[in-house]
Amino acid sequence: MIYSNEVENMCPVAKGANHGPAPIPEEGRWVKSKEISDISGLTHGIGWCAPQQGCCKLTLNVKNGIIEEALVETIGCSGMTHSAAMSGEILIGKTILEALNTDLVCDAINTAMRELFLQIVYGRTQSAFSEDGLPIGAGLEDLGKGHRSQVGTIYSTNRKGPRYLELTEGYITEIALDEDDEIIGYKYINLGIMLDAIKDGVDPAEAIEKASGQYGRFDDAVKTIDPRKE
């Protein structure tokens, strides 16, 4: 280590206070983190690219500084989905410091990693007060039985009003309207359930029927419309 002449010529003065780092909550414990291996927790974060044409929701489950589980969800950009595929391979097994300084292919995913890093090292994780944290697999449970992201896609114009295209329940097939042409419900197909049934050999028409449902006051509709055609 090189010291400047001015520092070399200073007389030594003993350092008094040494309180160490403030403890942060981690998986039901208070931890004074000094090393990356001191960090554990599961949390989520959002990132966006410079032109803001797409975003990423990233979920990481960190144990002793190592990323043991990653869920990468993207929306708004076709190239970002392929970036997510590569990031899913890149992230696991790295320390959170390595992951922060690794190119995760897409700016939105890199930004999400930055936001998660800040949450994790400051003790702001979702599992901060959960004893022993959350098991590996907790991220997958967020997707539910259909193993699909929670997506909401709504299109609307001032002249023709809103069209529900996809919501948490699934792909919207019909919108129910009342006498004032206001939306009061909808029918949907849960695509994850439908495709799982088809994979298991169920006839596609039957699979669609089994995966279909309705929400709201659909039965009270004065009329219904197909949101993609009308």
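It should be emphasised that the depicted structure is a prediction, and the values quoted were computed from it without experimental measurement. (Residues numbered from 1 in each chain as written. Predicted model: local features only at pLDDT ≥ 70, side-chain atom pairs only at ≥ 80, totals over all residues. Heavy atoms only, no water.)

(A) Layout of the packing of aromatic side chains. Applying the stated criterion across every chain yields a total of four aromatic pairs. An angle of 75° between the planes, with centres 6.0 Å apart, marks the rings of Y164 and Y186 as edge-to-face. Residue Y164 is located in strand β7 (residues 161-167), and its partner Y186 is located in strand β9 (residues 183-189); the two are separated by 22 residues in the primary sequence. For Y164, a relative accessible area of 24% translates into the label partly exposed. Taking NZ or CZ as reference, R228 lies 3.7 Å from the ring centre of Y171, over its face. (Phe/Tyr/Trp six-rings, centres within 6.5 Å; stacked < 30°, edge-to-face > 60°. Helix = DSSP H or I, 4+ residues; strand = E, 2+ residues; numbered from the N terminus. Buried < 20%, exposed > 50% of the residue type's maximum accessible area, 1.4 Å probe, protein only. Lys NZ or Arg CZ within 6 Å of the ring centre and 35° of its normal.)

(B) Spatial organisation of the sheet that holds strand β4 (residues 55-63). Pairing within the open sheet is antiparallel, and its three strands lie in the order β3-β4-β5. Sheet topology places β3 (41-48) and β5 (66-75) at the edges, where each strand pairs with a single neighbour. Across this sheet, the average inter-strand angle for adjacent strands is 15°, counted without regard to direction. The strands touched by helix α2 (residues 78-91) are β4 and β5; relative to β5, the strand with the most contacts, the crossing angle is about 175°. Sheet strands in contact with helix α4 (residues 107-121) are β3, β4 and β5, and its direction is about 140° off that of β3. (Pairing = 2+ DSSP bridges. Axes fitted to C-alpha atoms, helices over the stretch in contact; angles between N-to-C directions. Contact = heavy atoms within 4.5 Å.)

(C) How the structure looks around the pairing of strand β6 (residues 153-157). Inspection of the sheet shows β6 paired to β7 by five bridges, in the antiparallel sense. Its bridge partner lying in β7, T157 is registered against G161. In textbook terms, the turn of a hairpin is the stretch between consecutive antiparallel strands, and for β6 and β7 this stretch comprises three residues.

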